[in-house]
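Structure at a glance
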Amino acid sequence: MVSPTERVVKTRTTRRVVRNIHPTEVINVNREIIRNENYYPVTNTEVNETIVEDYDCGSDVNSPNCRRVSPANTNNSGNSNSGRNRKRRNGWSWF
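Treat the numbers as computed from the prediction; the structure is a model and nothing was measured. (Residues numbered from 1 in each chain as written. Predicted model: local features only at pLDDT ≥ 70, side-chain atom pairs only at ≥ 80, totals over all residues. Heavy atoms only, no water.)

**What about the overall build of the protein chain?**
Rule in force here: Only DSSP runs of H or I covering at least 4 residues are called helices, and only runs of E covering at least 2 are called strands; the numbering of each starts at the N terminus. With a 1.4 Å probe rolled over the protein chains alone, any residue whose accessible area is under 20% of its type maximum counts as buried; one over 50% counts as exposed, and the rest are partly exposed. The contact rule is simple, with two residues in contact once any of their heavy atoms fall within 4.5 Å. Only the protein chains shown count as covering a residue, and every accessible area follows the Shrake-Rupley method with a 1.4 Å probe.
Assigned secondary structure in the protein chain consists of zero helices and four strands. For the protein chain, the α and β elements follow one another from N to C terminus as β-β-β-β. Counting only residues that meet the buried cut, the protein chain has 3% of its 95 residues in that class. Excluding contacts between residues fewer than 6 apart, the proportion of contacts in the protein chain whose partners are at least 24 apart in sequence is 56%. Accessible surface, the protein chain: about 10600 Å² in total, of which carbon and sulfur atoms supply 47%.

**Some words on the pattern of salt bridges**
For clarity, the cut-off: Salt bridge, as used here, is a side-chain nitrogen of Lys or Arg placed within 4 Å of a carboxyl oxygen of Asp or Glu.
Summed over all chains, the structure comprises three salt bridges. A salt bridge links Glu53 to Arg68; the shortest N-O distance between them is 3.0 Å. With Glu53 in the loop between strand S1 (42-45) and strand S2 (55-56) and Arg68 in strand S3 (residues 67-68), this residue pair connects regions lying 15 residues apart in the sequence. On the basis of relative accessibility, which here comes to 35%, the residue Glu53 falls in the partly exposed class.

What follows is the structure, encoded as structure tokens:
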């Protein structure tokens, strides 16, 4: 009579060290903060304007057909007071 073969497994283990190098760079930052403070003083001015426009509507008071005979004041004539009533008030404000 023959018995089945007995299997014996022998394991031989060896150890090996693997060195993993992870370089690290340290950066030292010297920070200087400059605070710029900006101020904007404001001048307040008031201007009152009167603009006169002339229309020719003919002789019929009930006719809606009017045409302009003078353009609106555009202030391009170089005279800043032509056709206008100006009043100015100047003052400083800190806001």
